[in-house]
Protein chains: 4
Amino acid sequence: MSNEAPAFPPEVEEAIATVRADVARLHGELVRYGLVVWTGGNVSGRVPGADLFVIKPSGVSYDDLTPENMILCDLDGTPIPGTPGSDRSPSSDTAAHAYVYRHMPEVGGVVHTHSTFAVAWAARGEEIPCVITAMADEFGGPIPVGPFAIIGDDSIGRGIVETLTGHRSRAVLMQNHGPFTIGTDAKDAVKAAVMVEDVARAVHYAREAGPLVPIPQEAIDRLFDRYQNVYGQSTDARR
Amino acid sequence: MSNEAPAFPPEVEEAIATVRADVARLHGELVRYGLVVWTGGNVSGRVPGADLFVIKPSGVSYDDLTPENMILCDLDGTPIPGTPGSDRSPSSDTAAHAYVYRHMPEVGGVVHTHSTFAVAWAARGEEIPCVITAMADEFGGPIPVGPFAIIGDDSIGRGIVETLTGHRSRAVLMQNHGPFTIGTDAKDAVKAAVMVEDVARAVHYAREAGPLVPIPQEAIDRLFDRYQNVYGQSTDARR
Amino acid sequence: MSNEAPAFPPEVEEAIATVRADVARLHGELVRYGLVVWTGGNVSGRVPGADLFVIKPSGVSYDDLTPENMILCDLDGTPIPGTPGSDRSPSSDTAAHAYVYRHMPEVGGVVHTHSTFAVAWAARGEEIPCVITAMADEFGGPIPVGPFAIIGDDSIGRGIVETLTGHRSRAVLMQNHGPFTIGTDAKDAVKAAVMVEDVARAVHYAREAGPLVPIPQEAIDRLFDRYQNVYGQSTDARR
Amino acid sequence: MSNEAPAFPPEVEEAIATVRADVARLHGELVRYGLVVWTGGNVSGRVPGADLFVIKPSGVSYDDLTPENMILCDLDGTPIPGTPGSDRSPSSDTAAHAYVYRHMPEVGGVVHTHSTFAVAWAARGEEIPCVITAMADEFGGPIPVGPFAIIGDDSIGRGIVETLTGHRSRAVLMQNHGPFTIGTDAKDAVKAAVMVEDVARAVHYAREAGPLVPIPQEAIDRLFDRYQNVYGQSTDARR
């Protein structure tokens, strides 16, 4: 019977529970940092050791998100029948998340928002130049722009993967749309979503008031390298 | 005696109670999203199955709004004597809300704010161009400008109705004044008020930094169509 | 003994207690609307029926303001010895508040902030043009600029009084400094402080994106007249 | 054994406890005023009467900071083994803080943030002109720009010290990086961090809309002198 929940091995069940809790909680960070309004925006997290990921339901208020109403999907973005939350529709961006998980095995988390300043750059189809050291640390250079693509097929997911594959940046500004970010897990992708809006805003204000001072490429490289390898507590790099 | 509350059928009484609670609570969303200051802004909701709507009292602090002090009005905007709250004056924008309910039977909610960026476009009498996909989703094109009209007669209500009738947008920027939004119910109109400020802000910042990339009309049409029909949980479309 | 509290008539004691509570509480509105940082900004209220006013102590955190540490002053701005709070220094802007109370007997409240957008107009010495109806309602026209004046004598108070006497606006932008607002009582002056920042911000954004549409003077006059006389609950006009 | 905590005299232990509590709590002010996102930003405080200072751990959430996980360091920035928190890495900016404490004995607190508007000026390498009286009060003139310097050696600390030594300003905008502030203690440095963002924002908006009115140097001098000597309660100057 297709509506009976599959029996996952205990370690997978445990991983699912952890990711459900993380993904539900991490949506609160989008609210805290003002990256989303109403029900916009979504966070997903891959279940380690399984071809599964967890994502937010579509059109549900941020106040009402719980581990239990998060939706467990396979890597095609189809909810797993019989699991908690599977009676609701997953986020309308689920296909894009799924595409990323299928094509970027190193990615453990994906986030999408319509945060104001990132959207502003996206509406001009303009990459964000790397003129502040925090951006060099976090993204290793400019934030790139992805193609115009609309919902309904694989084109958003494909645009994300094509833009970010081999790129230092964990964030892409999909043209006329907004930022998608990836990370080693959901928390890392949320951090990238927070940081991309922060730098989008600072560089916006910087540039509208006069010419920017570039950072030498060699300094960008050194900052990026150090931050990826040294920053933070050793067990929790880059968080 | 004109001060005795009319006896409504039980199902209308129940509907009134629901709308009172919704309208009181939904004002909190205007505060949450920073759309209002002091006592500015107002939400109303039509009572399904009756020629009545519920609106906020005039000049009362957002902290003090309760279902009981919301004001029940007929479709001329006159408070129903003897009902809770009818000893206070309704919002000074009540005539405009009433005009909309009389002339747009499909409208179940109306919201007015002076949110910053929507007001900024209104002060230039300039429509907001549709350059972000979230705007295509939600409004199906540009946010139009309505005529300059001042309080005191039907001219604001007429301006709203004339601008929005037959228009995809649920929001109008009344020139030199601010946004009015409509919806299937109060919640839907509040969502439109939140979204119109969100896009007014993002497009403002986008455009001040350089040329915008237009979205092809055909893509706007597809996005609007999909969002109106598919997005969200099936029982609660577009929320 | 100068440190013994004077014996006020009971009705004055009662009025003092009310104003202390109002002034302490109203500082919270400055925080709520983001008009102040750290210990900047101050609210004062005249004690009805006495030559006294109540003001915030200097350099005390907003978290720590209570009715008891508000400072009761005479109309020269001197703390009344022996009254609660009189062991602390009053706000460094006390002389300006006192000057206003001495020279504008109709004023019952004074507020000063360094709110961002009002300060921005003040740093250019530029009045805010009246291009939004909320501004016509509240201020009846443009927000005027007062002279450059620095702390240490009567020049700030004099600049406020000279600018606002006979002016519709309850707000003045002191050049290179920031807004001072007046009102019938402390709450009314706080409302003016909230509204002046709100319109300073909206008109700033409006104008930086293109030409503003003026509002005809006759419409401004009608809006101002209506708002002063009709808006709000009859017992609490203009709140 | 290097992992055994040294035995400090009781008065130093008491001072350490006070500074741990202050530094942990003061990070909350960075959050309150929106100066930081995620784990960015850091506050440190010198331990009076000892060659020690207390700083935040690296990459730990603001929600999780407590007096016990603050890290006690010597003036080379090395955590004191065996003391609470010493099992974690101190802030990645610790070397810069330590350099300041070694070379500016009058400094009791150091703060670093990536606050938006201060970063925007820093990305242009442009000092903030002193056109508002609050800036004259607090900083006595323009906020200077320090050299471009990247993490990994003494160059950030040296840039701060060289720029601020003999300067009235307690804040420096390190080029392409962001603000560092100093103070008599951690609280005073946090206040400077709050104020530098406040003036960076106001002057940004002021200037983008038209020419600024300069403040005469003589007035700046009088304001700075008064504020340093008179403002606030006598036991707690400049807070």
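If you're wondering where the values come from, they're calculated on a predicted model, not measured in any experiment.

1. Concerning the overall build of chain A
Next, step 1: Scanning chain A from N- to C-terminus turns up seven helices and seven strands.
Next, step 2: Scanning chain A from its N terminus toward the C terminus, one meets helices and strands in the order α-β-β-β-α-β-α-α-β-α-β-β-α-α.
Next, step 3: In terms of overall dimensions, chain A is globule-like: its C-alpha atoms have a radius of gyration of 18 Å, near the 18 Å expected for 239 residues.
Next, step 4: Counting only C-alpha atoms and orienting by the principal axes, one finds that chain A spans roughly 65 × 35 × 30 Å.
Next, step 5: A sequence separation of at least 24 residues applies to 64% of the contacts in chain A between residues at least 6 apart.

2. Things to note about the UniProt feature "domain: Class II aldolase/adducin N-terminal" (unreviewed entry) in chain A
Next, step 1: In this structure's numbering, the residues bearing the UniProt feature "domain: Class II aldolase/adducin N-terminal" (unreviewed entry) are residues 21-204 of chain A.
Next, step 2: End-to-end, the C-alpha atoms of residues 21-204 of chain A are 35 Å apart, and along that stretch the chain is 36% helix and 16% strand.

3. What to know about the sheet that holds strand β2 (residues 52-55) of chain B
Residue and element names in this part refer to chain B.
Next, step 1: The strand order across the open sheet formed by seven strands is β3-β2-β1-β4-β7-β6-β5, and the pairing between neighbours is mixed. Taken across any chain shown, the strands that pair with only one partner, and hence form the sheet edges, are β3 (71-74) and β5 (145-146).
Next, step 2: In the sheet, β5 pairs with strand β6 (residues 171-174) via two bridges, with the strands oriented parallel. Bridge assignment links Gly-146 to a residue of β6, and that residue is Met-174.
Next, step 3: Across the sheet, helix α5 (residues 155-164) lies against β5, β6 and β7 (178-183), angled at about 135° from β6, the strand it touches most.
Next, step 4: Against the sheet, helix α6 (residues 186-208) contacts β1 (42-46), β4 (109-112), β6 and β7, and its axis sits at roughly 145° relative to β7.

4. As for the side chain of B:His177
Next, step 1: Within the secondary structure layout, B:His177 lies in the loop between β6 and β7.
Next, step 2: Taking relative accessible area as the criterion, B:His177 reaches 7% and is therefore assigned buried.
Next, step 3: At 3.0 Å, the side chain of B:His177 forms a polar contact with the side chain of B:His112.
Next, step 4: Setting aside chain neighbours within four positions, we find B:His177 in contact with B:His112, B:His114, B:Val119, B:Ala122, B:Ile156 and C:Thr133.

5. Focus on the pairing of strand β2 (residues 52-55) of chain C
Residues and elements named next belong to chain C.
Next, step 1: Across the two faces of β2 the burial is the same, with Leu-52 and Val-54 and Phe-53 and Ile-55 all buried.
Next, step 2: Sheet analysis places strand β1 (residues 42-46) next to β2, joined by three bridges and oriented antiparallel. Across the sheet, Ser-44 pairs through a bridge with Ile-55, a residue of β2.
Next, step 3: Linking two consecutive strands that pair antiparallel, namely β1 and β2, is a turn of five residues; a positive phi of about 80° is found at Gly-49 within it.
Next, step 4: Here β2 runs beside strand β3 (residues 71-74); their pairing, made up of four bridges, is antiparallel. Pairing of Ile-55 across the sheet is with Ile-71, part of β3.

6. Remarks on the environment of B:Val172
Residues and elements named next belong to chain B.
Next, step 1: Residue placement: Val-172 occurs in strand β6.
Next, step 2: Under the relative-accessibility criterion, Val-172 is labelled buried at 0%.
Next, step 3: Expressed as a C-alpha distance, the spacing of Val-172 and Pro-142, which sit 30 residues apart in the sequence, is 9.8 Å.
Next, step 4: Excluding residues that lie within four positions of it along the chain, Val-172 makes contacts with Pro-144, Val-145, Gly-146, Ile-160, Thr-163, Leu-164, Gly-178, Pro-179 and Phe-180.

7. Description of the packing of aromatic side chains
Next, step 1: Throughout the structure, instances matching the rule amount to 20 aromatic pairs over all chains.
Next, step 2: Look at A:Phe117 and B:Tyr205: their rings are 4.3 Å apart centre to centre, the planes differ by 35°, and that puts the pair in the tilted class. Residue A:Phe117 is located in helix α3 (residues 116-124), and its partner B:Tyr205 is located in helix α6; the two belong to separate chains. Summarising the burial analysis for this pair, A:Phe117 and B:Tyr205 share the class buried.

8. Considerations on the interface of chain D and chain A
Next, step 1: Each side of the interface is counted separately: chain D has 30 residues, and chain A has 34 residues.
Next, step 2: The partner of D:Asp63 in a salt bridge is A:Arg32, and the shortest N-O contact between them spans 2.6 Å.
Next, step 3: At the surface where chain D touches chain A, the tally comes to 10 residue pairs in polar contact (both at pLDDT 80 or more).
Next, step 4: Of all the elements in the fold, those that place two or more residues in the side of chain D that touches chain A are α3 (116-124) and α6 (186-208) of chain D.
Next, step 5: The residue inventory of the side of chain D that touches chain A, partitioned by class, reads 13 nonpolar, 12 polar and five charged.

9. Things to note about the relation of the copies chain D and chain A
Next, step 1: Between chain D and chain A, which share one sequence, the superposing operator has a rotation angle of 90° and an axial displacement of 0.0 Å; the RMSD is 0.0 Å. Considering both components of the superposition, the chain copies are consistent with a four-fold axis. For chain D, the minimum C-alpha distance to the rotation axis belongs to D:Glu208 and amounts to 5.7 Å.

10. Considerations on the packing of α3(D) against α6(D)
Residue and element names in this part refer to chain D.
Next, step 1: Between α3 and α6, the shortest axis-to-axis distance is 7 Å and the interhelical angle comes to 65°. Crossing geometry of α3 relative to α6 is assigned as left-handed. Taken together, the residues of α6 that come into contact with α3 (itself represented by Thr-116, Phe-117, Ala-118, Trp-121 and Arg-124) are Glu-197, Ala-200, Arg-201, Val-203, His-204, Tyr-205 and Arg-207.
Next, step 2: Of the residues assigned to the contact of α3 with α6, the class counts are six nonpolar, two polar and four charged.

11. Some words on unusual backbone geometry
Residues and elements named next belong to chain A.
Next, step 1: One non-glycine residue with positive phi stands out, namely Asn-176, at about 60°.
Next, step 2: Of note, Asn-176 is situated in the loop between β6 (171-174) and β7 (178-183).
Next, step 3: For Asn-176, a relative accessible area of 0% translates into the label buried.

12. Some points on the sheet that holds β6(A)
Next, step 1: Read across the sheet, seven strands follow the order β3-β2-β1-β4-β7-β6-β5 (chain A) without closing on themselves; strand pairing throughout is mixed. At either end of the open sheet lies a strand with only one pairing partner, and these are β3 (71-74) and β5 (145-146) of chain A.

13. A closer look at the environment of C:Lys191
Residue and element names in this part refer to chain C.
Next, step 1: Along the chain, Lys-191 turns up in helix α6 (residues 186-208).
Next, step 2: The class for Lys-191 is buried, based on a relative accessible area of 1%.
Next, step 3: Expressed as a C-alpha distance, the spacing of Lys-191 and Pro-9, which sit 182 residues apart in the sequence, is 31 Å.

14. Topic: helix α2 (residues 94-103) of chain D
Residues and elements named next belong to chain D.
Next, step 1: A large share of α2 lies buried, amounting to seven of its 10 residues.
Next, step 2: Residues Thr-94, Ala-96, His-97, Ala-98, Tyr-99, Val-100 and Tyr-101 constitute the buried set of α2.
Next, step 3: Elements in contact with the buried residues of α2: β1 (42-46), β2 (52-55), β3 (71-74), β4 (109-112), α5 (155-164) and β7 (178-183).

15. Here we look at the confidence of the model for chain A
Residue and element names in this part refer to chain A.
Next, step 1: Here chain A averages 94 in pLDDT, and 95% of its residues register 70 or above.
Next, step 2: Taken together, the stretch residues 234-239 has pLDDT below 50 and engages in 18 contacts with residues farther than four places along the chain or on a different chain.
Next, step 3: Taken together, the chains of this predicted complex give a pTM of 0.96 and an interface ipTM of 0.94.

16. Re the pattern of salt bridges
Residues and elements named next belong to chain B.
Next, step 1: Counted according to the given criterion, the structure contains 52 salt bridges over all chains.
Next, step 2: Close ionic contact of Arg-222 with Glu-218 constitutes a salt bridge, the shortest N to O distance being 3.5 Å. Of this pair, Arg-222 and Glu-218 both sit in helix α7 (residues 217-229), four residues apart, which is roughly one turn of the helix.
Next, step 3: You can call Arg-222 partly exposed: its relative accessible area is 45%.

17. Thoughts on helix α7 (residues 217-229) of chain C
Residue pairs spaced three or four apart in an α-helix point in one direction, given the helix's 3.6 residues per turn.
All names here are of chain C.
Next, step 1: Helix length check: α7, at 13 residues, gives a terminal C-alpha distance of 18 Å against a target of 18 Å (1.5 Å per residue), a fit within 8%.
Next, step 2: For α7, every residue scored as buried is listed here: Ala-219, Ile-220, Leu-223, Phe-224, Arg-226 and Tyr-227. Taken down its axis, α7 places every buried residue within 170° of arc, on the same side.
Next, step 3: Contacts from the buried residues of α7 go to α4 (133-139) and α6.

18. Some details on the environment of A:Met104
Residues and elements named next belong to chain A.
Next, step 1: Counting through the fold element by element, Met-104 comes out in the loop between α2 (94-103) and β4 (109-112).
Next, step 2: Classification of Met-104 by relative accessible area gives buried; the value is 3%.
Next, step 3: Between the alpha carbons of Met-104 and Val-161 there is a distance of 7.3 Å; along the sequence they are 57 residues apart.
Next, step 4: Filtering out sequence-adjacent residues up to four positions away, Met-104 remains in contact with Arg-46, Val-161, Leu-164, Thr-165 and Ile-182.

The rules we used
Residues numbered from 1 in each chain as written. Chains lettered and ligands numbered in written order. Predicted model: local features only at pLDDT ≥ 70, side-chain atom pairs only at ≥ 80, totals over all residues. Heavy atoms only, no water. Helix = DSSP H or I, 4+ residues; strand = E, 2+ residues; numbered from the N terminus. Rg over C-alpha atoms; globule rule 2.2 N^0.38 Å. Contact = heavy atoms within 4.5 Å. UniProt positions renumbered as here; feature names shortened; annotations may be inferred. Pairing = 2+ DSSP bridges. Axes fitted to C-alpha atoms, helices over the stretch in contact; angles between N-to-C directions. Buried < 20%, exposed > 50% of the residue type's maximum accessible area, 1.4 Å probe, protein only. Polar contact = N/O pair within 3.5 Å; in protein donor to acceptor, adjacent residues only side chain to side chain. Phe/Tyr/Trp six-rings, centres within 6.5 Å; stacked < 30°, edge-to-face > 60°. Salt bridge = Lys/Arg side-chain N within 4 Å of Asp/Glu carboxyl O. Nonpolar A, V, L, I, M, F, W, Y, C, P; charged D, E, K, R; others polar. Least-squares fit on C-alpha atoms with pLDDT ≥ 70 in both. Left-handed = near helix turned anticlockwise from the far one by under 90°. pLDDT = per-residue confidence, 0-100. Expected span 1.5 Å × (residues − 1). Arc of directions from axis to C-beta.

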